[in-house]
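Each chain is listed here by its residues.
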Amino acid sequence: MVVENLAVFFTAIVGFRFVPPNLQDQAIVLNQQEEQVFQEEISRLEVNQQEDVMEIVTSWMRQGIEQGANREARSLVLRLLSRKLGELPQEVRSQIDVLSLTQLESLGEALLDFSSLLDLNNWLAQN
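Residues numbered from 1 in each chain as written. Predicted model: local features only at pLDDT ≥ 70, side-chain atom pairs only at ≥ 80, totals over all residues. Heavy atoms only, no water.

Turning our eyes to something else, we now look at the pattern of salt bridges. Summed over all chains, the structure comprises one salt bridge. One salt bridge in this structure joins aspartate 97 and arginine 74, with 3.8 Å as the shortest N-O distance. Of this pair, aspartate 97 sits in helix H5 (residues 90–97) while arginine 74 sits in helix H4 (residues 47–85), and the two are 23 residues apart along the sequence. Overall, aspartate 97 belongs to the partly exposed group, its relative accessible area being 37%. (Salt bridge = Lys/Arg side-chain N within 4 Å of Asp/Glu carboxyl O. Helix = DSSP H or I, 4+ residues; strand = E, 2+ residues; numbered from the N terminus. Buried < 20%, exposed > 50% of the residue type's maximum accessible area, 1.4 Å probe, protein only.)

Pasting the structure below:
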C-alpha cells in the first residue's frame, strides 16, 4: 500500500534531514482509509521521529497554502487587468508571474486607477 511506503519514506527523510526538491512540489492526497493507515504507521515511530515527520508535513502544508494563495491572487489580478486593459502582452504576463503575494495584492489595488497599459508598465517598473 502506498501509505505504508509513505511512512517509510518520511522515516528516511527524518533520518537524512533532507527533502529532495522535486518531492517538495508533489501533492500527496490521501483518502480516509489511507490517512488512517498513515496515522497508524506514524504512531509506530518513536516520539521524536513522529515530531520530525509532522514538522515536515506541516511545512509542506504551509508551502502548499502559500503557493495556492499566490496562484489565486495572480489569476485574479490577470483577469482584472485583462478586463480593464484588454489582452496583455506575454512580456507583461511574465513580469506578473514572478510577483510575490504582497506585490500581487498591491497591484490588485493599484490597477483600479490604471487607464492604459502604460500605467501597468510604470507600476511594474517601480515595483
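Below, the discussion takes up the packing of H5 against helix H7 (residues 117–126). Interaxial distance between H5 and H7 falls to 11 Å at its minimum, and their mutual angle equals 40°. Between H5 and H7, the interaxial angle falls into the category oblique. The chirality of how H5 crosses H7 is left-handed. Of the residues in H7, those in contact with Val92, Gln95 and Ile96 of H5 are Leu117, Leu120, Asn121 and Leu124. Class assignment for the residues of the contact of H5 with H7 results in five nonpolar, two polar and no charged. (Axes fitted to C-alpha atoms, helices over the stretch in contact; angles between N-to-C directions. Parallel < 35°, antiparallel > 145°, perpendicular 65-115°, else oblique. Left-handed = near helix turned anticlockwise from the far one by under 90°. Contact = heavy atoms within 4.5 Å. Nonpolar A, V, L, I, M, F, W, Y, C, P; charged D, E, K, R; others polar.)

This part is about the side chain of arginine 74. Note on arginine 74: relative accessible area 17%, which makes it buried. Setting aside its immediate chain neighbours within four residues, arginine 74 contacts Ile96, Asp97, Leu99 and Leu104.

Here the focus is H7. Every buried residue belonging to H7 is among Leu120, Trp123 and Leu124, and all of these are buried. Around the axis of H7, the buried residues are gathered within 100° of arc, so they sit on the same side. Facing away from the buried side of H7 by over 90 degrees, the exposed positions are Leu118, Ala125 and Gln126. Of the surrounding secondary structure, the elements contacted by the buried residues of H7 are H4, H5 and helix H6 (101–110). (Arc of directions from axis to C-beta.)

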